[in-house]
Amino acid sequence: MSSNALLAALLVASATAAAQTPAPQSGTPAPAQENAAPAATPEAADSLEERIRQEVDKRVEAARQEMREEIRAQLATQSLATDWQEEWVEEKRKLEIFTLDGYYRMRPNLYYQFSLGKPLGSELFPRPRPTEKTQAFADMRLRLEPTFNISEEVRVKLQLDALDNVILGSSPLSGVDRNFYLFDIFNDGQVSPRSAINSLKDSLMLREAYGEVSTPVGLLRFGRMTAHWGLGLLRNDGNCLECDFGDVVDRVMFVTEPFDGFYVTPMFEFNDEGVYAYPNGEQGQAVDITGADDSHSWVLAVARRDTPQQVKAKLDNNQGVLNYGLHFSWRTQRYSPARDENGQVQPGQFVPRGASLYIPDVWLRYEERNFRVELELAAYLGQINGLAQTAAQANDPSFNQTLDVMAFGGAAVGEYRMLNGQLNLQLELGFASGDRAPGFGAYPGIPGTGENGATQPGNVDGPQFRCGTGGCSDNAIRNFRFNRAYRVDSILWRELVGTVTDAVYVKPTIRYTLTQGFDLFGSAIYSQSIYSESTPSSTDRMLGIETNLGARYETEDGFVARVDWSVLFPLAGLNETNVNSRVELATAHAVRGTLGIRF
């Protein structure tokens, strides 16, 4: 190998030297030489250079082949190494196929006057002692996203949350060993949260676990995974650093790209399998008792999308980027497990449901270097033919009514960038269809104070239909609910109501990049209900004006620090139903901080 490589190097060097020999200056005669050979013509020089190049290529290829043979011989020799060397090679391979991403965050929070000064018992948020107005605490979360790359085409992905939104100091030793700690003041440390012992949930929760296979015609995924679409209005994975909620679904999906940039994704989702059992004990395989109470979805998503790299390349070349898509779900359920008065499932008993839902969602995004417009429109359409929850209700004519479902929602965001992207102006408009039934309907499972749990004027939440003896006076569900992971503000919709529903809002935002990684921002949100009957006042639609100011700092190595100050100025729609009970509503404040590390 060494002789061939040396010869190739000499040939390359000689050709390079010949090419770099300077020609005589024009007008300056070359030194005369005795018996000099005739000057070579340009054609002859080109022919000589081509022969040299061919010879060099031939010698280099021979050198490469000899090198390959020597490497194969070395690998064969290494295969005869000792056992400990083989184990080290295998361990090194395992480490290379494992990757770990995620983040850790800690959030200090300070809430002031979230009761809005309302009378005791009518507040929208859990209040402290009657003499207190301030609530202060801090929480944390560790999110881990390991990936096991079995091969270049096959992988397994997980997502785990540890100490998810656990309040610092909320799981003391005194909470599990009362015999040792009579007074909490003597507590010296914390223990891991354990469901039903010292917490409502365990310290470690598995959010995602699915397999992913790359095939010549597309990508196959199967298992439990997060779901996201468009702006996140309907389907939102909740993977942002400040997120608290997010959609996790059990599904089988296949992503294919029949044309460049066009993706077609059929999916089958297991929404609710109803009653199941363990015939051979809880360590054995669980069995779905019947398919009659199952709720499944057939989903098809079709989208024209550019990858982030393609978007960046187009924007850098002053080109426009147009992406759009349709996400459609069809969901059905024939029966539902019967429950007792406490909501516990009654084994072997079912109630007719006869429900079907059609859920279309349209998304569009157009972007240029200095501006962006993005919108999403979604709807729930369908019927529910049985309202019973208990076996006794199944035979009650009051619960054998049909409900119509017709709810719409949407949001549009316009963004304009100035000063080379340092100054960012945004305007967001959103709406969620409403229902004239009392209460917002963000949590329809909360019973109202009327007949059969229906809501009455003054109820903050509850079902958005009214059925009783003699039939249904309101047999439609019309209020649309934004995904709880879709953030609009910090107080009204995020904390007091729970999500955007039965409302319209306008949100202008300004953001300025002071220096790389350091942003200042501010926004104002005006919100009002579509129907005044849905508000706590039952007579006024205006809900509030909220202002948000904040700063965010992020470094290239993953450290994130953020602080937000929000103020809610409540309006008449949040006051009391009874005019004689109305008070001057107090302004609410929230100060939130975030310290995080991405990895």
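Just so you know, these numbers come straight off a predicted model, no measurement behind them.

## Observations regarding the overall build of the protein chain
Next up, step 1: The helix and strand inventory of the protein chain stands at five helices and 23 strands.
Next up, step 2: Of all 599 residues assigned to the protein chain, the portion counted as buried reaches 36%.
Next up, step 3: In the protein chain, once contacts between residues fewer than 6 apart in sequence are set aside, the share between residues at least 24 apart is 61%.
Next up, step 4: Accessible area of the protein chain: about 34,100 Å², with a carbon and sulfur share of 58%.

## Overview of a nonpolar patch on the surface
Next up, step 1: A surface patch of nonpolar side chains, amounting to about 890 Å² of accessible area, comprises Phe 98, Leu 100, Phe 148, Ile 150, Val 154, Val 156, Tyr 553, Phe 559, Leu 595, Ile 597 and Phe 599.
Next up, step 2: In this structure, Phe 148 sits in strand 2 (residues 134-149).

## Overview of the nonpolar core
Next up, step 1: Ranked by internal contacts, the top residues of the largest apolar core, which has 37 residues, are Phe 114, Phe 482, Tyr 486, Leu 492, Trp 493, Leu 496 and Tyr 505.
Next up, step 2: Put simply, the parts of the chain that give this core at least two residues each are strand 12 (345-367), strand 14 (403-418), helix 5 (492-497), strand 19 (503-515) and strand 23 (588-598).
Next up, step 3: Residue contacts for Tyr 505: discarding those within four places in its chain leaves Ala 411, Glu 428, Leu 429, Gly 430, Phe 431, Phe 482, Tyr 486, Val 488, Val 500, Ile 525, Tyr 526 and Ser 527.
Next up, step 4: In terms of nonpolar packing, the next biggest core, distinct from the first, is built from eleven residues, Tyr 210, Trp 229, Val 249 and Val 299 among them.

## Some thoughts on the state of the cysteines
Next up, step 1: Enumeration according to the criterion identifies two disulfides in this entry.
Next up, step 2: What links to what in the protein chain: the bonded cysteines, counted in sequence order, pair as 1-2, 3-4.

## As for the pattern of salt bridges
If the charged atoms of two oppositely charged side chains come close together, the side chains can form a pair.
Next up, step 1: All told, the structure shown has 34 salt bridges when counted by the stated rule.
Next up, step 2: One salt bridge connects Arg 129 with Glu 132, and the closest N-O pair in it is separated by 3.3 Å.
Next up, step 3: You can call Glu 132 partly exposed: its relative accessible area is 36%.
Next up, step 4: Beyond isolated ion pairs, a larger network of salt bridges with shared partners links Arg 105, Arg 107, Asp 139, Asp 244, Arg 487, Arg 494, Glu 495 and Arg 592.

## Considering the side chain of Ser 529
Next up, step 1: Following the sequence through the fold, Ser 529 ends up in strand 20 (residues 518-529).
Next up, step 2: With relative accessibility at 1%, the residue Ser 529 sits in the buried group.
Next up, step 3: At a separation of 3.2 Å, a polar atom in the side chain of Ser 529 contacts the main-chain carbonyl oxygen of Asp 502.
Next up, step 4: Polar side-chain contacts of Ser 529 include one of 2.8 Å to the backbone oxygen of Tyr 531.

## Observations regarding the pairing of strand 2
Next up, step 1: In this sheet, strand 2 lies alongside strand 1 (residues 98-112) in antiparallel orientation, the contact comprising 15 bridges. Looking across to strand 2, one finds that Arg 107 is bridged to Asp 139.
Next up, step 2: Bridge count for strand 2 against strand 3 (residues 154-167) is eight bridges, and the pairing is antiparallel. Note on strand 3: the bridge partner recorded for Met 140 is Val 166.

## Topic: the packing of aromatic side chains
Next up, step 1: All chains considered together, the criterion is met by 17 aromatic pairs.
Next up, step 2: Centre to centre, the rings of Tyr 276 and Tyr 278 are 6.2 Å apart; their planes meet at 75°, and the pair counts as edge-to-face.
Next up, step 3: Summarising the aromatic geometry, the rings of Phe 440 and Trp 493 are spaced 6.2 Å apart at their centres and angled 80° between planes, so their arrangement reads as edge-to-face. Of the two residues, Phe 440 is situated in the loop between strand 15 (423-432) and strand 16 (466-468) and Trp 493 in helix 5; the sequence distance between them amounts to 53 residues. The exposure classification of Phe 440 matches that of Trp 493, with both residues buried.
Next up, step 4: A cation sits over an aromatic face here: Arg 304 above Phe 262, 5.7 Å from the ring centre.

## Thoughts on the pairing of strand 7 (residues 262-272)
Next up, step 1: Looking at chain direction, strand 6 (residues 248-259) and strand 7 are connected through five bridges and run antiparallel. By the bridge assignment for strand 7, Phe 259 is matched with Phe 262.

## Here we look at the environment of Asp 294
Next up, step 1: Of note, Asp 294 is situated in the loop between strand 9 (287-288) and strand 10 (295-304).
Next up, step 2: Classification of Asp 294 by relative accessible area gives buried; the value is 10%.
Next up, step 3: C-alpha of Asp 294 to C-alpha of Gln 333: the two residues are 39 residues apart in sequence and 5.9 Å apart in space.

## Structural notes on the environment of Arg 484
Next up, step 1: Relative to the helices and strands, Arg 484 resides in the loop between strand 18 (476-477) and helix 5.
Next up, step 2: Owing to a relative accessible area of 39%, Arg 484 belongs among the partly exposed residues under this scheme.
Next up, step 3: Sequence spacing of Arg 484 and Asp 247 is 237 residues, and the spatial spacing of their C-alpha atoms is 9.3 Å.
Next up, step 4: The residues touching Arg 484, leaving out its near neighbours within four places in the chain, are Phe 245, Tyr 443, Gly 498 and Thr 499.

## Section: unusual backbone geometry
Next up, step 1: Despite not being glycine, Leu 116 has its phi angle at roughly 60°, a positive value.
Next up, step 2: By relative accessible area, which is 1% here, Leu 116 ends up buried.
Next up, step 3: Phi angles above zero are rare outside glycine, and Asn 452 is one such case at about 55°.
Next up, step 4: Note on placement: Asn 452 falls in the loop between strand 15 and strand 16.

## Observations regarding the confidence of the model for the protein chain
Next up, step 1: For the protein chain, the mean per-residue pLDDT works out to 86, and 86% of the residues sit at or above 70.
Next up, step 2: The low-confidence segment residues 1-40, where pLDDT is below 50, has 18 contacts with residues more than four positions distant or belonging to other chains.
Next up, step 3: Low pLDDT, under 50, characterises residues 73-95; the stretch is placed with two contacts to residues that sit more than four places away or in other chains.

## Notes on the side chain of Ser 532
Next up, step 1: Here Ser 532 shows up in the loop between strand 20 and strand 21 (542-554).
Next up, step 2: A residue is classified by how much of its surface remains accessible, and Ser 532, at 15% relative accessible area, is buried.
Next up, step 3: If sequence neighbours within four positions are ignored, Ser 532 has contacts with Ser 538, Thr 539, Asp 540 and Arg 541.

## A closer look at the environment of Gly 430
Next up, step 1: On the secondary structure map, Gly 430 appears in strand 15.
Next up, step 2: Sequence separation of Gly 430 and Glu 376 is 54 residues, and the distance between their C-alpha atoms is 9.6 Å.
Next up, step 3: Apart from the residues lying within four places of it in its own chain, the contact partners of Gly 430 are Gly 410, Ala 411, Ala 503, Val 504 and Tyr 505.

Procedures and definitions
Residues numbered from 1 in each chain as written. Predicted model: local features only at pLDDT ≥ 70, side-chain atom pairs only at ≥ 80, totals over all residues. Heavy atoms only, no water. Helix = DSSP H or I, 4+ residues; strand = E, 2+ residues; numbered from the N terminus. Buried < 20%, exposed > 50% of the residue type's maximum accessible area, 1.4 Å probe, protein only. Contact = heavy atoms within 4.5 Å. Areas by Shrake-Rupley, 256 points an atom, 1.4 Å probe, with all protein chains shown as cover. Patch = residues over 30% accessible without salt bridge, like charges linked within 9 Å, V, L, I, M, F, W, Y side chains within 5 Å. Salt bridge = Lys/Arg side-chain N within 4 Å of Asp/Glu carboxyl O. Core = buried A, V, L, I, M, F, W, Y, C linked by side-chain atoms within 4.5 Å. Disulfide = S-S within 2.5 Å. Polar contact = N/O pair within 3.5 Å; in protein donor to acceptor, adjacent residues only side chain to side chain. Pairing = 2+ DSSP bridges. Phe/Tyr/Trp six-rings, centres within 6.5 Å; stacked < 30°, edge-to-face > 60°. Lys NZ or Arg CZ within 6 Å of the ring centre and 35° of its normal. pLDDT = per-residue confidence, 0-100.

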